[in-house]
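# Geometric and topological summary
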Amino acid sequence: VGLCVQVVKLQIWDTAGQERFRSITQSYYRGSNGIILAYDVTDPQSLRHVATVWMKEVQRHATHDALLVLVGNKSDLASSCPEQVAATRAMAEQLVEGSQGRIVAHIETSAKTGVNVGTAFTALIDALVEQRSRKRAAAMLDGHSKRGSATHRLSTATALPMGGDRASWCAC
């Protein structure tokens, strides 16, 4: 079994969902391959805000193939208000189902205890690496099917540089 080791460069911008950062986040969306949207598992209104405000911002400003991870934070408080958490979980699942595959994971975390924080980032990274691999494989297949043109072979080789888009992340 061969293993493929990839180096992934992340640039993380944390706006904490504050409205005052909304104007600058628009420029961050444009170059993003992946986005984590976080809400409070004990507060259904925070998830509604993600669904009605931040998801719309992503749809408006991010590339069509940017992947999303939905993160429910404060899972350490879930036992203190089980009815609200159950309602929020159901809403989150509906949001994932209605995302047309853009939301690749829904993970509950606790920033306080650290539970699943790394898992949320790993889920996004894994989905991005898989997406990049599928794109490269499709480009290579396309290049082989149109092999007759030297110009096309050159452009295919150029479209698949080692390391990909260095502004976003690097793979070797």
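First things first, this report covers the structure right here in the doc. Here the residue numbering is sequential within each chain, running from 1 through the sequence in written order. pLDDT decides what is reported in this predicted model: residues at 70 or higher carry local features, side-chain atom pairs at 80 or more are listed and counted, and totals for whole chains, interfaces and linings draw on all residues regardless. Neither water nor hydrogens contribute to the side-chain values; these are computed over all heavy atoms in the structure.

Taken together, Leu10, Ile12, Val117 and Phe121 make up a surface patch of nonpolar side chains, about 320 Å² in accessible area. Mapped onto the fold, Phe121 is located in helix H4 (residues 117-145). Only protein chains enter the accessibility calculation, which uses a 1.4 Å probe; a residue is then buried when its area is under 20% of its type maximum, exposed when over 50%, and partly exposed in between. Residue Phe121 is classed as partly exposed on the basis of its relative accessible area, which comes to 33%. Each patch is built from salt-bridge-free residues with over 30% relative accessible area, joining like charges within 9 Å and nonpolar side chains (Val, Leu, Ile, Met, Phe, Trp, Tyr) within 5 Å. Only the protein chains shown count as cover for residues, with accessible areas throughout obtained via the Shrake-Rupley method and a probe of 1.4 Å. Should a side-chain nitrogen of Lys or Arg be within 4 Å of a carboxyl oxygen of Asp or Glu, the pair is scored as a salt bridge. The numbering of helices and of strands both runs from the N terminus, where a helix is a DSSP run of H or I of at least 4 residues and a strand a run of E of at least 2.

Right, let's talk about the sheet that holds strand S1 (residues 34-40) for a bit. Across the sheet, which stays open at both edges, the 3 strands sit in the order S1-S2-S3 with parallel pairing between neighbours. The sheet is open, and its two borders are formed by S1 and strand S3 (103-108), each paired with just one other strand. Sheet twist, expressed as the mean angle between neighbouring strand axes with direction ignored, is 20°. Of the strand pairs in this sheet, S1 and strand S2 (residues 67-73) are connected by 7 bridges, and their pairing is parallel. Looking across to S2, one finds that Ala38 is bridged to Val71. Any two residues having at least one pair of non-hydrogen atoms within 4.5 Å are treated as being in contact. For helices, the fitted axis covers only the stretch in contact; all axes are lines through C-alpha atoms, and the angles between them, taken along N-to-C directions, range from 0 to 180 degrees. The sheet contacts of helix H2 (residues 44-61) involve S1, S2 and S3, and relative to S1 the element is tilted by about 160°. Only when DSSP finds a minimum of two bridges between them are two strands counted as paired.

Time to look at helix H3 (residues 82-97). The end-to-end C-alpha distance of H3 is 22 Å, a good match for the 22 Å that 16 residues give at a rise of 1.5 Å each. Considered for burial, the residues of H3 that qualify are Val85, Thr88, Ala92 and Leu95. For H3, the arc enclosing every buried residue in end-on projection is 80°, short of the 170-degree limit, so these residues lie on one face. Along H3, the residues that are exposed and aim more than 90 degrees away from the buried face are Glu83, Gln94 and Glu97. Turning to H3, the residues buried within the fold contact S1, H2, S2 and S3. The span expected for a helix works out to 1.5 Å for each residue beyond the first. Read the arc as the range of directions from the helix axis to the C-beta atoms.

So far we have only geometry, and geometry alone does not tell us how the molecule works.
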